[in-house]
Amino acid sequence: MLSLIVGVMVCACSSGGKATQETVTAASPQQTDPIIQAELLVFDQEYTAAIKLLSRIIEDEGPTAYALTLRGISYAKMNLPYPAFADLVEATRIDYSVETLMNVGNAERMFGFCERAADAFRKASALQPNDYQILNNLASAYLCYGKIDLGLEALQEARKHHANDEILLTNLAIAHSMKQNFEEARRAVEDALRLNGSYMPAHRTLYQICVKTDDLACAQKANAQYESLKSARPRRTAPRKQR
């Protein structure tokens, strides 16, 4: 199942996540069956063409969870929330699973419907308890609408099952910072950076914590690291023009 967003961050929810998408290999879209053509178009960010092809597949062959998921992702990437929700929710009706529920939750979180996102993540967690990525996303949704204690509870539970993850630790730092627990927040984000010194959201979170605690030297260093990584990051290429 193609995943919309993984490892949602409170401070940078559309970037920095760990991808879990499958790699698809094929000689060319013309040499594959239609659903794989659509998948390749989504990977290539050719969302308009993907939606057109997927709509034809759904009309001709009937809706499947995967076709609806691909089309829902395409709508979401084009900043069209309501058709995205319609497809992703319909996919859960056909295949009620962790993957379809996570895609609904991630779309809701992406567009700021954080309480609804938390509901989807809770349902996913009920199907797959103790999964740290689900708990991390659930915590992000809680923090998004101010349920800090619930967010901390989900993050602490996630750490029992996977202690060493820079996304989780950065979210934990954000949660502690929101509670004004700056010592714990700084410890968590520094642990995140020890795991991955190139993780941009952690540098940004450390900068914010240092500003709040009037540690200007730390803030300057963290901001300089963040800006250096940002400038070195490859630019995303624009989607190819449709032929």
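Owing to the predicted nature of the structure, the values given are computational and were not obtained by experimental measurement.

Caption draft 1: Structural context of the overall build of the protein chain. When its secondary structure is counted, the protein chain shows 12 helices and 0 strands. Of the regular secondary structure in the protein chain, the N- to C-terminal order runs α-α-α-α-α-α-α-α-α-α-α-α. Counting only contacts in the protein chain whose residues sit at least 6 apart along the sequence, the fraction spanning at least 24 positions is 53%. Accessible area of the protein chain: about 12600 Å², with a carbon and sulfur share of 48%.

Caption draft 2: Spatial organisation of helix 8 (residues 148–161). An ideal rise of 1.5 Å per residue puts 20 Å on 14 residues; helix 8 measures up with 20 Å between its terminal C-alpha atoms. For helix 8, the complete set of buried residues consists of Ile-148, Gly-151, Leu-152, Ala-154, Leu-155 and Ala-158. Buried residues of helix 8 fall within an arc of 165 degrees about the axis and therefore sit on the same side. Turned more than 90 degrees off the buried face of helix 8, the exposed positions are Glu-153 and Lys-160. Each element contacted by the buried residues of helix 8 is listed here: helix 7 (132–144) and helix 9 (166–178).

Caption draft 3: Representation of the pattern of salt bridges. All chains considered together, the criterion is met by 11 salt bridges. Its salt-bridge partner being Arg-186, residue Glu-190 comes within 2.9 Å of it at the nearest N-O pair. Taken together, the residues Glu-190 and Arg-186, both in helix 10 (residues 182–195) and 4 residues apart, mark about one turn of the helix. A salt bridge links Arg-194 to Asp-191; the shortest N-O distance between them is 2.4 Å. With Arg-194 and Asp-191 both in helix 10 and 3 residues apart, the pair spans about one turn of that helix. Overall, the relative accessible area of 62% leaves Arg-194 in the exposed class. Among the charged side chains, a salt-bridge network with shared partners connects Asp-119, Arg-122 and Lys-123.

Caption draft 4: Geometry of the packing of aromatic side chains. In the structure shown here, the tally under the stated rule is 5 aromatic pairs. Seen from their ring centres, Tyr-82 and Phe-85 are 6.0 Å apart, and the 85 degrees between their planes marks the pair as edge-to-face. With Tyr-82 and Phe-85 both in helix 4 (residues 81–94) and 3 residues apart, the pair spans about one turn of that helix. Judged by relative accessible area, Tyr-82 falls into the exposed class, the value being 56%. Within the aromatic cluster, the residues linked to one another by ring pairs are Tyr-82, Phe-85, Phe-111 and Phe-113. Directly above the aromatic system of Tyr-226 lies the positively charged group of Arg-204, at a separation of 5.1 Å from the ring centroid.

Caption draft 5: Spotlight on helix 9. Between its first and last C-alpha, helix 9 extends 18 Å over 13 residues, near the 18 Å set by a 1.5 Å rise per residue. For helix 9, a buried count of 12 out of 13 residues is recorded, marking the element as mostly surrounded by other parts of the structure. Within helix 9, the full set of buried residues consists of Glu-166, Ile-167, Leu-168, Leu-169, Thr-170, Asn-171, Leu-172, Ala-173, Ile-174, Ala-175, His-176 and Ser-177. On the buried face of helix 9, the contacting elements are helix 7, helix 8, helix 10 and helix 11 (200–212). Its side-chain oxygen placed 3.1 Å from the backbone nitrogen of Ile-167, Asp-165 serves as the N-cap of helix 9. Where helix 9 terminates, the next one or two residues include Gln-180, which has phi positive at roughly 65 degrees.

Caption draft 6: Structural context of the environment of Ala-38. Examined against the element boundaries, Ala-38 turns out to sit in helix 1 (residues 34–43). On the accessibility criterion, Ala-38 (0% relative accessible area) is buried. The spacing of Ala-38 and Arg-71 is 33 residues in sequence and 8.7 Å in space, taken between C-alpha atoms. Residue contacts for Ala-38: discarding those within four places in its chain leaves Ala-50, Leu-53, Leu-54 and Leu-70.

Caption draft 7: Here's a closer look at the environment of Ser-97. Turning to its location among the elements, Ser-97 is positioned in the loop between helix 4 and helix 5 (98–110). Taking the C-alpha atoms as reference, Ser-97 lies 7.4 Å from Leu-127; in sequence the two are 30 residues apart.

Caption draft 8: Quick look at the nonpolar core. Of all hydrophobic cores here, the largest spans 29 residues; its most connected members are Leu-155, Leu-172, Val-189, Ala-202, Leu-206 and Ile-209. When contributions to this core are tallied by element, the ones reaching two or more residues are helix 7, helix 8, helix 9, helix 10, helix 11 and helix 12 (216–232). Those residues within four positions of Val-189 in sequence are excluded, and the remaining contacts are Leu-169, Ala-173, Ala-202, Thr-205, Leu-206 and Ile-209. Formed by 16 residues, the second largest nonpolar core is a distinct cluster that contains Leu-41, Ala-50, Leu-54 and Ile-73.

Scoring rules and cut-offs
- Residues numbered from 1 in each chain as written.
- Predicted model: local features only at pLDDT ≥ 70, side-chain atom pairs only at ≥ 80, totals over all residues.
- Heavy atoms only, no water.
- Helix = DSSP H or I, 4+ residues; strand = E, 2+ residues; numbered from the N terminus.
- Contact = heavy atoms within 4.5 Å.
- Areas by Shrake-Rupley, 256 points an atom, 1.4 Å probe, with all protein chains shown as cover.
- Expected span 1.5 Å × (residues − 1).
- Buried < 20%, exposed > 50% of the residue type's maximum accessible area, 1.4 Å probe, protein only.
- Arc of directions from axis to C-beta.
- Salt bridge = Lys/Arg side-chain N within 4 Å of Asp/Glu carboxyl O.
- Phe/Tyr/Trp six-rings, centres within 6.5 Å; stacked < 30°, edge-to-face > 60°.
- Lys NZ or Arg CZ within 6 Å of the ring centre and 35° of its normal.
- Polar contact = N/O pair within 3.5 Å; in protein donor to acceptor, adjacent residues only side chain to side chain.
- Core = buried A, V, L, I, M, F, W, Y, C linked by side-chain atoms within 4.5 Å.

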